[in-house]
Amino acid sequence: MKELGIDMEEIRQRMAFVDFSERDVRLLSEMKGFGQNHADRLVSAFYNHLLSFEETRALLKDQSIIDRLKKSQEKYLLEIFEGNYNEAYFEGRLRIGAVHHRIGLKPKWYIGTYCLYENLLSPLIAEAYRSEFDQGLARILAVRKIFRLDMALALDFYFHRITAQLGEKIREMDDFVHVVSHDLKEPLRGIEAFAGFLIEDYASVLDEQGKRYLNILKGSAVRMKDLIHDLLTLASLSRKDPVLQAVDVNEVLSDVQLDLEFSIQQKKAQIQILSLLPAVHCDPTQIREVFKNLLSNAIKFNTATLPKVEIAAREEGNFHLFSIKDNGIGIDLRYTERIFGLFERLHPQEKFEGTGAGLAICKKVIERFGGRIWVESEPGKGSAFYFTLPMNVRR
Amino acid sequence: MVANNIHSVKILLVEDNPQDIEITQRAFAKGRVRNELIVVRDGQEALDYLYHREMFKDPETAPRPGMILLDLNLPKVSGMEVLQQIKKDESLKLIPVIVMTVSQREEDIVKSYNLGVNTYIQKPVEFETFMKVVNAIQEYWILIATLPPGVQ
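Residues numbered from 1 in each chain as written. Chains lettered and ligands numbered in written order. Predicted model: local features only at pLDDT ≥ 70, side-chain atom pairs only at ≥ 80, totals over all residues.

(A) Region of interest: the overall build of chain A. Of the regular secondary structure elements, chain A holds 14 helices and seven strands. Counting every position in chain A, which comprises 395 residues, the buried fraction comes to 27%. Counting only contacts in chain A whose residues sit at least 6 apart along the sequence, the fraction spanning at least 24 positions is 74%. (Helix = DSSP H or I, 4+ residues; strand = E, 2+ residues; numbered from the N terminus. Buried ≥ 20, exposed ≤ 12 C-beta atoms within 10 Å, placed from the backbone. Contact = placed C-beta atoms within 7 Å.)

(B) Focus on the overall build of chain B. Each helix and strand in chain B was counted, giving five helices and five strands. Of the regular secondary structure in chain B, the N- to C-terminal order runs β-α-β-α-β-α-β-α-β-α. Going through the 152 residues of chain B one by one, you find that 37% of them count as buried. Within chain B, contacts between residues separated by at least 24 positions form 69% of all contacts whose residues are at least 6 apart in sequence.

(C) Layout of the confidence of the model for chain B. Taken over all residues, the pLDDT of chain B has a mean of 91, while the share at 70 or more is 96%. Per the prediction output, this complex has pTM 0.65; the corresponding ipTM is 0.87. (pLDDT = per-residue confidence, 0-100.)

(D) Inspection of the interface of chain A and chain B at higher detail. The interface of chain A with chain B comprises 14 residues on the first partner and 12 residues on the second. Per-element accounting of the side of chain A that touches chain B gives the leading share, 11 residues, to helix H9 (residues 133-201) of chain A. Its residues assigned to classes, the side of chain A that touches chain B shows five nonpolar, four polar and five charged. (Nonpolar A, V, L, I, M, F, W, Y, C, P; charged D, E, K, R; others polar.)

(E) Seen up close, helix H2 (residues 43-50) of chain B. Residue and element names in this part refer to chain B. Counting buried positions along H2 gives six out of eight residues, so the element sits mostly inside the fold. In this fold, the buried residues of H2 make contact with strand E1 (10-14), strand E2 (36-40) and helix H3 (79-88). Of the residues trailing H2, His52 is marked for its positive phi of about 55°.

(F) Here's a closer look at the packing of helix H8 (residues 107-128) of chain A against H9 of chain A. All names here are of chain A. Viewed as axis vectors pointing N to C, H8 and H9 meet at an angle of 165°, and their least axial separation amounts to 10 Å. Taken together, H8 and H9 sit at an angle that is classed as roughly antiparallel. Remark: the crossing between H8 and H9 carries right-handed chirality. Residues Pro107, Tyr110, Ile111, Tyr114, Tyr117, Glu118, Leu121, Ser122, Ile125 and Ala126 of H8 lie in contact with H9, whose contacting residues are Gly136, Arg139, Ile140, Val143, Arg144, Phe147, Met151, Ala154, Leu155 and Tyr158. A breakdown of the residues in the contact of H8 with H9 according to their chemical character gives 15 nonpolar, two polar and three charged. (Axes fitted to C-alpha atoms, helices over the stretch in contact; angles between N-to-C directions. Parallel < 35°, antiparallel > 145°, perpendicular 65-115°, else oblique. Left-handed = near helix turned anticlockwise from the far one by under 90°.)

(G) Representation of the packing of helix H4 (residues 39-51) of chain A against helix H6 (residues 63-80) of chain A within the structure. Residue and element names in this part refer to chain A. It is the contact of H4 with H6, at a shortest axis distance of 10 Å, that shows an interaxial angle of 135°. Taken together, the axis directions place H4 and H6 in an arrangement best described as oblique. Note that H4 runs across H6; the crossing there is right-handed. Together, Ala39, Leu42, Val43, Phe46 and Tyr47 of H4 and Lys70, Gln73, Glu74 and Leu77 of H6 make up the contact between the two elements. Residues belonging to the contact of H4 with H6 are distributed by class as follows: six nonpolar, one polar and two charged.

(H) The arrangement of the nonpolar core in detail. Residues Val14, Ile68, Leu69, Leu70, Leu83, Val97 and Val99 of chain B are the most contacted members of the largest nonpolar core, which totals 38 residues. For this core, the secondary-structure elements that each account for two or more residues are E1, helix H1 (18-29), H2, strand E3 (67-70), H3, strand E4 (97-101) and helix H5 (127-144) of chain B. (Core = buried A, V, L, I, M, F, W, Y, C linked by C-beta atoms within 7 Å.)

(I) Representation of the sheet that holds strand E2 (residues 270-273) of chain A in the model. Residues and elements named next belong to chain A. Within the open sheet, the five strands sit side by side as E2-E4-E5-E7-E6. Their pairing is mixed. In the strand order of this sheet, the two ends are held by E2 and strand E6 (373-377), each with one partner. Between one strand axis and the next, the sheet turns by 20° as a mean value, whatever way the strands run. (Pairing = 2+ DSSP bridges.)

(J) Quick look at the environment of Gly66 of chain B. All names here are of chain B. The residue Gly66 is located in the loop between H2 and E3 in this model. With 24 C-beta atoms packed within 10 Å, Gly66 lands in the buried category. Counting along the chain gives 56 residues from Gly66 to Lys10, while the straight-line C-alpha distance between them is 5.4 Å.

(K) Seen up close, the environment of Ala360 of chain A. Residue and element names in this part refer to chain A. For Ala360, the location among the structural elements is in helix H14 (residues 358-368). For Ala360, a count of 21 C-beta atoms within 10 Å puts it in the buried group. When the C-alpha positions of Ala360 and Ile339 are compared, they lie 7.8 Å apart, and in sequence the two are 21 residues distant. The residues touching Ala360, leaving out its near neighbours within four places in the chain, are Leu234, Phe340, Gly341 and Leu342.

(L) A look at unusual backbone geometry. All names here are of chain B. Phi is positive for His52, which is not a glycine, with a value near 55°. Residue position: His52 is located in the loop between H2 and E3. Although it is not a glycine, Glu54 adopts a positive phi angle of roughly 45°. The topology assignment puts Glu54 in the loop between H2 and E3. Taking the C-beta count within 10 Å as the criterion, Glu54 has 11 such neighbours and is therefore assigned exposed.

(M) Structural detail: the sheet that holds E4 of chain B. All names here are of chain B. Here we have five strands laid out as an open sheet, ordered E2-E1-E3-E4-E5, and parallel in their pairing. Edge strands, defined here as strands with exactly one partner in the open sheet, are E2 and strand E5 (119-122). The mean inter-strand angle of the sheet, taken between neighbouring strand axes irrespective of direction, is 20°. Summarising the sheet, E1 and E3 pair through four bridges and their orientation is parallel. Looking at the pairing, Val14 lines up with Leu70 of E3.

Laid out in C-alpha cells, this is it:
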C-alpha cells in the first residue's frame, strides 16, 4: 500500500464514499463462512468464465498459474466474510492486482470476475435469508460495497504497474535520444574542424571554388548540429515533467531580449511591449523558449528597414491571450498550419537560416500547458502569432 | 610562492578520439601560451600515467601535469572513474581537472561536480568556438588563476 501512496486514511475515505459502514462490517461478519461454503461452486464458475473467452483462455495454459489463481480466489471468498477490513485485508487486494498484472490478466477481464461473483452470490444470499427480505437485501448490498472497494484497489495496483513500466520505457527512449545526439556530434566536429583546417593550411592551393566547397561543408556540419540540438530540446520536452511555478512574463521577455541582443541590434529592431504582461503558472525555461522562438522569428523573417515587433497580452475568459505581431514578410494562408510541423521551412536556407523546429517546439510547450497557438498573416503584411495559457492550473 | 611559470605548465589530455586529439592539439598550438600537451588514450593509461605504473614506471617519462583535460567517454576505465580516483587521492586531487565532453546530461554534470571536477565544459562542434574555449581555459587557469603548488 505504501508503494502506491495509499494509507488507511485513504481507505476509510473510500469506504465512506461507498457508504460501507460499521453496520455493513457486522452484516458481513455474521455471514462468516458463507463464501467458503459456496467456494467450490464460485471458483469453478470463475474458472469456466475465464475459459470461455479466448483471450483469458490463453493465460490459463500453465497448471501452476491455474492453481495459484484458484487458491487466491478461495482465500478471497473466505476473507470477504471474516469481518477484518484492516490493512492486511486491503494489502491482499492489492496483491491480487499484482498477480493479475504478472500473468497478463487485464482489468476488463477481472472486473467481469467481481460481477460474476456478485451475480452468483446475490441469489444465494437472498435464498439464505428468504424469510427476512430486508436482511437479505442489506447483506447483498454490503457484499456489493466491499466488491467495489476491492475492485478499485486491484485496478489501482494494475495501473500503478503499467505506469511504472511506461516510465521505464520513457527513460530508455530518453537515454537513446541522448546517446544518439551525442554520438552524432562527434563526427560533425571532425567535418567542421578539418574543413576549416584545409581552408587555413592550404589557402595557397585552393581557388575560390575550393574554399567555397569547404565552407559549404562547414555550414552543413553546423546546421546538423543545430538540428540535433532542436531534436534534443523536443525530446526533453516529452519526457521532463515541467516545473510549474508563477512566472513573471515581463522578466522572461527582458531575458529573451538580452539573449537576442545581437540580432536585435543588427537589424535595428524595435521591440514594443504594449501592456504590463501577466504572471502565468508554467515552466519558466519552457515559456522562455516559446518567447525566444517567436521573437527571434519576428525579427528574422523581416526585411523592413525598421523591423517592429509588438507584444501584448489580454484576458480571454479563463485564459491569458498573448500576441506577437511583426511587420515582417508575412505567411501565405496555405502554410499557416504547416509551419508548426517539425523541421518545416518555407524559405531556402540561403535566404533565412534556421532548422524549422522553433514553432514545433512552441506548439508542443503551449499545448502541454493546455493552451493553443496559431497565426494570422498575409504575405507582405506581417504576421501575428497568438497563443493562450490557462489561468487556473489543473493539477 | 611566485605566480605560475606559465609556459612550463604541462596539460594532460585524456582523449580517445584521434580527431578530437588533433583538434585540441591544434587549438593549443594556436593559443596564447605554449603549453605542452601530453596525450593519453584511455582511462587506464591516464591512471597509469598519474600513478607512474606500467609504461610510465619511470617518473621522468610522466612529469606531473599542471592541469588535466578529461573526456568522459573513454574506453577501459571511464572518465568518471578517472575523475573519482584523482579527486580521492591526496597527492593528485589538487590538480585542476577540466572535463571536456559531449554529454550535456544533468546526471553527468551533477556527478562530475559532486566528485570535485573544477570545470565541466561541453565540447563545441565548431572549431572557432573550440578555440575560444581553449583560449578561455588558458586565460583563466594559466594566466589569471594561481595554480596549486606542486606544479612545475
